[in-house]
Amino acid sequence: MNRLYLLFLPFLLSSCATVFNSQYTTSHIVTNPKGAKIVINGIDTFCCSNNEIAIKRSSVPVRIEVLKDSLKQTVQVLPKTSLIFFLNALYYPAFIVDLLNDKRFTYPDKIYIDLYNPQNSYHVLRDDWKKHKDQPINIGLSVPIVNGYYYSSNHQNNSMSGVLGVAFHSEYYLDRKYYLSAELGGLEHNNWVGFRLYPYTETHRRLLYFNTRINERVNRWNFGAGLSYQQFNMENTLHDGRNGGFLFPSHQDTVYQIEKQYKEGIGLNLSVQYQLSKYFYLGTMFQPLLFNTAPAAKGYMHYINFSLIFKLPVWSRK
């Protein structure tokens, strides 16, 4: 898990807009009347309107000319800050990089220009999510921004948190509102010890899980509920320096396992997601363990996370 997560670590430590936003964004330009020719910044010409147009991200307005017979409109569409830019709040030094990069800007998703309007103006149309093309199969990847778990044992309550994890998931839309999902994920936490003074305790925690849900889409929000299977393992190891130590590496370190917890079983899965852009979501997930099937297992456990999710449509119905 450590090696797998290191592949994604540069993305977490980099500025969000610089990494995730491409150099171009797309805007759906709708005109009245239909079938007008579109010229972007006096260079790029497109025919015809009611299409998605690629626009280079910039801090300056984009100049759009629309022509149809004797009708003509020229508008300056103002840029706006991409929502993904604000994810840098989770790692605030990345703001500096994004502030110097035009990738932090975007333009409205849907632009309406009326050629019969005597004023050179445009309107931003809000997306009608109910009319989106049906793309019933999505695959994706999620990386926890923060995750945590709680478990009880021997009449003691324990809570832990971390950031190390990854999950792969798939979705199948039954219709434009409801879809089924399945997710396979895992996380691994270790207390990283630099300068070690003996004796010291090393804690290792690992969670593997699989869940399946039925979900409902409400505008940009997705709500889901289902079942999960999870395995949780925690080990506390004492490193005793009586036979050596940090200053005497030639001496053998003595290791004692002082605590071990193992829990597995079936539980619930509850999920809420908010769509940031075409491919990116923010989500939270809660998994309480209801039936602990591990040998001699006792006590309650749950897992919760807050994640950045990437989804890619891979098939469209005809």
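Anything mentioned here points back to the structure above.
Residues numbered from 1 in each chain as written. Predicted model: local features only at pLDDT ≥ 70, side-chain atom pairs only at ≥ 80, totals over all residues. Heavy atoms only, no water.

Observations concerning the pairing of strand β5 (residues 62-68)
Keep this limit in mind: By definition, two strands form a pair when at least two bridges between them are found by DSSP. Helix numbers and strand numbers start at the N terminus; a helix is a DSSP run of H or I with at least 4 residues, a strand a run of E with at least 2.
Sheet topology note: the strand β2 (residues 37-40)/β5 ladder contains four bridges and is antiparallel. In the sheet register, V39 faces β5, and the bridge partner there is E65. Two elements, β5 and strand β6 (residues 71-77), share seven bridges in a ladder whose sense is antiparallel. The partner of L67 across the bridge, within β6, is K72. Counted along the chain from β5 to the antiparallel partner β6, the turn is two residues long, and its residue D69 has a positive phi close to 55°.

Some remarks on the packing of aromatic side chains
Rules: In this scheme Phe, Tyr and Trp rings, the latter by its six-membered ring, pair at centre separations within 6.5 Å, and the angle between planes marks the pair as stacked below 30 degrees, edge-to-face above 60, and tilted otherwise. Burial here depends on accessible area, computed with a 1.4 Å probe over protein chains only, as a share of the maximum for the residue type. Under 20% is buried, over 50% is exposed, and the range in between is partly exposed. By definition, being over a ring means that NZ of Lys or CZ of Arg is both within 6 Å of the ring centre and within 35 degrees of the ring normal.
For the coordinates displayed, the defined rule picks out six aromatic pairs. Both rings, one in W221 and one in Y274, keep their centres 4.8 Å apart while their planes meet at 55°; by these two values the pair is tilted. Linking W221 in strand β16 (residues 221-240) with Y274 in strand β17 (residues 254-275), this pair joins segments that are 53 residues apart in sequence. Judged by its relative accessible area of 26%, Y274 is partly exposed. Of the aromatic side chains, those joined through ring pairs into one cluster are W221, F223 and Y274. Positioned over the ring face of Y281 is K311, at 4.1 Å from the centre of the ring.

Points about a nonpolar patch on the surface
Operational definition: Grouping into patches uses exposed residues only, defined as over 30% relative accessible area, and leaves out salt-bridged ones; the cut-off is 9 Å for like charges and 5 Å for nonpolar side chains (Val, Leu, Ile, Met, Phe, Trp, Tyr). Accessible surface area values rest on a Shrake-Rupley calculation with a 1.4 Å probe, where residue burial reflects the displayed protein chains alone. Salt bridges are counted wherever a side-chain nitrogen of Lys or Arg sits within 4 Å of a carboxyl oxygen of Asp or Glu.
Residues I139, Y172, L174, Y178, L180, I214, F310, L312, V314 and W315 make up a contiguous nonpolar surface patch of roughly 860 Å² in combined accessible area. For the nonpolar patch, the leading source of residues is strand β19 (residues 301-315), giving four residues. Overall, the relative accessible area of 38% leaves L180 in the partly exposed class.

Topic: the pattern of salt bridges
Under the defined criterion, the tally for this structure stands at five salt bridges. Note that R213 is salt-bridged to E183, the shortest N-O span being 3.8 Å. Note that R213 is positioned in strand β15 (residues 200-218) and E183 in strand β14 (residues 178-190), a separation of 30 residues in sequence. As far as burial versus exposure is concerned, R213 and E183 are alike and both buried. One network of salt bridges, with partners in common, ties together R63, E65 and K72.

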